[in-house]
Amino acid sequence: KSSAAIIQARNLTVKRGRAELLHGIDLDIPAGSLTAVVGANGAGKTTLIQALAGVVPPPRGRVVIGDLDPGRASPREIASRIGFVFQNPEHQFIAHTVFDELAHGLRLRRVPDAEIAKRVGEMLRRFGLEHKAEVHPFLLSGGEKRRLSVGTALITRPGVLALDEPTFGQDRARADELLRLLADLRADGTTVLIVTHDLQLVADHATHTVILAEGRVHASGPTAELFAADGLFESAGLRL
Ligand code: ATP
């Protein structure tokens, strides 16, 4: 029936200092899905996708991405399985030009220059940044920064793309543009995982939804089933 899980979490527990933020999460993210993580402020959404993506130090419990345990893998190995886009994409820019930003992950892997030029060129075209290759990333518009951060996460061709609040602070047109992009990625076989506060976006675009409440999975499953159930979002402190 449903497709296999590309990310599996078992008894995932995350502590920060003395505070335990996630309490034994069990979760399967279906391969090929667009899965949305929702929950009230402070429910642990950001903590969860960062733990799943190996962005934060190894949590307790077990996470598997494809065949990889991110707690035991190098950042480079993780980045070839899952790309991560922070809520504020500027925070991850490190290069002085758009081209170098996109090329960075490939240079780390010692990809030959000719191949880098080809793959970066493809990314620039795909994200409408051809004329910005030599521009400093900080000088891009908000939408361009977002597209660059997605391109950077995708340049190593990971099977999963995780985005924290990708439409936050954007108008409808720009949010829709991003959603079209995510739909294209899914059509190419990429699994997409997002954190969002926008339940309309979830209803319209997410195939699967995880509702978090106070560091626990309140409910998860196909989006339509969760919306059809009575009061599931409300009992997690969300308003439909
Ligand atoms: P929001 O919707 O407000 O972005 P969220 O669901 O993404 O929230 P997280 O950012 O994952 O929630 O945070 C979960 C909880 O953990 C919050 O109460 C937060 O204040 C707390 N928290 C985050 N980092 C730390 C830390 N380093 N030490 C202690 N508590 C922390």
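Cut-offs applied
- Residues numbered from 1 in each chain as written.
- Predicted model: local features only at pLDDT ≥ 70, side-chain atom pairs only at ≥ 80, totals over all residues.
- Heavy atoms only, no water.
- Near = heavy atom within 4 Å.
- Polar contact = N/O pair within 3.5 Å; in protein donor to acceptor, adjacent residues only side chain to side chain.
- Areas by Shrake-Rupley, 256 points an atom, 1.4 Å probe, with all protein chains shown as cover.
- Helix = DSSP H or I, 4+ residues; strand = E, 2+ residues; numbered from the N terminus.
- Nonpolar A, V, L, I, M, F, W, Y, C, P; charged D, E, K, R; others polar.
- Expected span 1.5 Å × (residues − 1).
- Buried < 20%, exposed > 50% of the residue type's maximum accessible area, 1.4 Å probe, protein only.
- Arc of directions from axis to C-beta.
- Contact = heavy atoms within 4.5 Å.
- Core = buried A, V, L, I, M, F, W, Y, C linked by side-chain atoms within 4.5 Å.
- Pairing = 2+ DSSP bridges.
- Axes fitted to C-alpha atoms, helices over the stretch in contact; angles between N-to-C directions.

Per an unreviewed UniProt entry, the protein chain goes by Energy-coupling factor ABC transporter ATP-binding protein and derives from Microbacterium tenebrionis.

This paragraph deals with the site of the ligand. All residues in the neighbourhood of the ligand are listed as Arg-16, Leu-21, Ala-40, Asn-41, Gly-42, Ala-43, Gly-44, Lys-45, Thr-46, Thr-47 and His-197. In this structure, Ala-43 approaches the ligand through a main-chain N or O atom, which is 3.1 Å from an oxygen atom. A distance of 2.5 Å separates an oxygen atom of the ligand from a polar side-chain atom of Thr-47. Coverage of the ligand by the protein chains reaches 56% of its 640 Å² of free accessible surface. At three residues, the largest contribution of residues to the shell around the ligand is made by helix 1 (residues 45–52). When its residues are assigned to classes, the shell around the ligand shows three nonpolar, six polar and two charged.

The subject of this paragraph is helix 6 (residues 172–187). Under the 1.5 Å per step criterion, the end-to-end length of helix 6 is 22 Å for 16 residues, consistent within 8% with the ideal 22 Å. Turning to helix 6, its buried residues are Ala-175, Leu-178, Leu-179, Leu-181, Leu-182 and Leu-185. The buried side chains of helix 6 occupy one side of the element, clustering within an arc of 155° when seen end-on. Exposed and facing more than 90 degrees away from the buried side of helix 6 are Ala-173, Arg-180 and Ala-187. Elements in contact with the buried residues of helix 6: strand 3 (34–39), helix 4 (113–126), helix 5 (142–154), strand 6 (160–164), strand 7 (191–195) and helix 7 (199–205). One or two residues past the end of helix 6 sits Gly-189, with phi positive at roughly 100°.

As a further point, take the nonpolar core. By size, the foremost hydrophobic cluster in this structure holds 42 residues, and its most contacted members are Val-150, Leu-161 and Leu-182. Looking at this core, the elements that each hand over two or more residues are strand 3, helix 3 (98–108), helix 4, helix 5, strand 6, helix 6, strand 7 and helix 7. Ranked by residue count, the leading element in this core is helix 6, at five residues. Excluding anything up to four places from it in sequence, Leu-161 contacts Gly-83, Val-85, Val-150, Ala-153, Leu-154, Leu-182, Leu-185, Thr-190, Thr-191, Val-192 and Leu-193. Residues Leu-27, Ile-29, Val-37 and Val-195 belong to the second largest nonpolar core, which totals 30 residues.

What follows is about unusual backbone geometry. Backbone geometry places Asn-11, a non-glycine residue, at a positive phi of 50°. You can see Asn-11 is positioned in strand 1 (residues 5–16). Of note in the backbone geometry, Arg-110 takes a positive phi value of approximately 55° without being a glycine. Position of Arg-110 among the secondary structure elements: in the loop between helix 3 and helix 4.

This paragraph deals with helix 5. In this model helix 5 runs 19 Å from its N-terminal to its C-terminal C-alpha over 13 residues, within 8% of the 18 Å that 1.5 Å per residue would give. Within helix 5, eleven of the 13 residues are buried, which leaves it mostly tucked inside the rest of the structure. Among all positions in helix 5, only Gly-143, Glu-144, Lys-145, Arg-146, Arg-147, Leu-148, Ser-149, Val-150, Gly-151, Ala-153 and Leu-154 are buried. Tucked inside the fold, the buried residues of helix 5 contact strand 5 (82–85), helix 3, helix 4, strand 6 and helix 6.

With mixed pairing, the six strands of this open sheet are ordered in space as 5-6-7-3-8-9. Here the strands that pair on one side only, and so sit at the sheet edges, are strand 5 and strand 9 (216–222). Sheet twist, expressed as the average angle between the axes of neighbouring strands with direction ignored, equals 15°. Sheet topology note: the strand 8 (residues 208–213)/strand 9 ladder contains six bridges and is antiparallel. When the bridges of strand 9 are listed, His-208 appears paired with Pro-222.

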